[in-house]
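# What the coordinates show
Spelled out from the first residue to the last, the chains are:
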Amino acid sequence: MNTRIAESELILNSRGAVYHLDLTPDELSNTIITVGDPDRVPEVSKHFDKVEVKRQHREFVSHTGYIGQKRLTVVSTGIGTDNIDIVLNELDALVNIDFASRTIKPALTRLQIVRLGTSGALQGNVPVDSFVVSSHGVGLDNLLPWYSFENTPEETSLLDAFHQQVALRPGSANPYLISAAPSLAARFTTGYISGITVTCPGFYAPQGRALRGPLSHPQLLEHLTAFRHGDHYISNFEMETAGIYGLGRVLGHDCLSISAIVANRIGQQFTKDGAAAVANLIKQSVEIIAGN
């Protein structure tokens, strides 16, 4: 029996749209680009030939339109995996739950979700203004432990190596690791660097930044930079990727995260033009997304 989902669990607004994103099922495409900054949404959709839907609720801005015959949606998530929890669940609900009956559809839809964001590099040979494709996401946040999921043997091996090489104080984090969708990652090779991305629960101390608050993990950057397991290394860190990959695994969607490197923490460099770096990432990546 397909259990009805209560109004308190799946919240719809007065026009029948999912609560936070303010989208109805017909306003979403099956190919989705996520960005953090709401102001970045029009920077993506300006590459569309036609925009048919524009919605905004809080920090969640969505544009749906076409490049040629390819229908695309770009949606802003805001910062952090707490927002990713909202966005990924509501995107999934839009395609896999019948809003009229409030039941899960018998045939599920698999979305393609590509994050275009910014990040800080953790290797000297990952320069500012370069583009990194996240082969895996390692989560130092607490989102995925609230869900039931399974790792592949490769992921388990990498996570075991991470536990062995990166020292974390007890109670500070319960790391998890999920890989990118190979079908998406294979499209982004020329002009892109591939590496493991660490997702942090904050911008300052969780990323090794000390302003006035003392650090509980003063050697975090050194340990992340030194990590090696076979050919794998940690290239960068940010605040959303692992949550996207994890919920993609839980909900059955293909996910990929691509970052413009705006800072190199090892060389202590910051890009001279972050807007240009992001614009170049968007232009190059949207062409690939629309062409497949």
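About the criteria used
Residues numbered from 1 in each chain as written. Predicted model: local features only at pLDDT ≥ 70, side-chain atom pairs only at ≥ 80, totals over all residues. Heavy atoms only, no water. UniProt positions renumbered as here; feature names shortened; annotations may be inferred. Helix = DSSP H or I, 4+ residues; strand = E, 2+ residues; numbered from the N terminus. Salt bridge = Lys/Arg side-chain N within 4 Å of Asp/Glu carboxyl O. Buried < 20%, exposed > 50% of the residue type's maximum accessible area, 1.4 Å probe, protein only. Patch = residues over 30% accessible without salt bridge, like charges linked within 9 Å, V, L, I, M, F, W, Y side chains within 5 Å. Areas by Shrake-Rupley, 256 points an atom, 1.4 Å probe, with all protein chains shown as cover. Core = buried A, V, L, I, M, F, W, Y, C linked by side-chain atoms within 4.5 Å. Contact = heavy atoms within 4.5 Å. Polar contact = N/O pair within 3.5 Å; in protein donor to acceptor, adjacent residues only side chain to side chain.

Bringing the UniProt feature "domain: Nucleoside phosphorylase" (unreviewed entry) in the protein chain into the picture now. The residues that UniProt annotates with the feature "domain: Nucleoside phosphorylase" (unreviewed entry) are residues 32-276. Structurally, residues 32-276 is divided into 24% helix and 34% strand, and its ends, taken at the C-alpha atoms, are 22 Å apart.

The subject of this paragraph is unusual backbone geometry. If you check the backbone angles, Asp-22 has positive phi at about 55° while not being a glycine. Looking at the element boundaries, Asp-22 is found in the segment before strand S1 (31-35). In this structure, Arg-58 is a non-glycine residue whose phi angle is positive, near 55°.

What follows is about the pattern of salt bridges. Per the counting criterion, the structure on display carries 12 salt bridges. A salt bridge links Glu-43 to Lys-46, with the shortest nitrogen-to-oxygen separation between them at 3.0 Å. Overall, Glu-43 belongs to the partly exposed group, its relative accessible area being 35%. Take Lys-46: its relative accessible area is 55%, and that puts it in the exposed class. Here Arg-249 ties to Glu-155 by a salt bridge, and the two come within 2.6 Å at their closest N and O atoms.

What follows deals with a nonpolar patch on the surface. On the surface, Phe-203, Tyr-204 and Leu-211 cluster together into a nonpolar patch covering about 340 Å² of accessible area. Topologically, Phe-203 is positioned in the loop between strand S10 (193-199) and helix H5 (220-226).

Turning our eyes to something else, we now look at the nonpolar core. In terms of nonpolar packing, the biggest core is built from 58 residues, with Leu-21, Ile-33, Val-44, Leu-91, Leu-116, Leu-256 and Ile-258 touching the most fellow members. Among residues more than four places away in sequence, those in contact with Ile-33 are Val-44, Thr-73, Val-74, Val-75, Val-114, Leu-116, Val-286 and Ile-289. Counting 18 residues, the second largest nonpolar core, distinct from the first, contains Leu-159, Ile-196, Leu-220 and Leu-221.

Turning our eyes to something else, we now look at the side chain of Glu-240. You can see Glu-240 is positioned in the loop between strand S12 (232-238) and helix H6 (241-251). At a separation of 3.5 Å, a polar atom in the side chain of Glu-240 contacts the side chain of Arg-115. When neighbours within four sequence positions are excluded, Glu-240 is seen to be in contact with Gly-78, Ile-79, Gly-80, Thr-81, Ile-84, Arg-115 and Thr-199.

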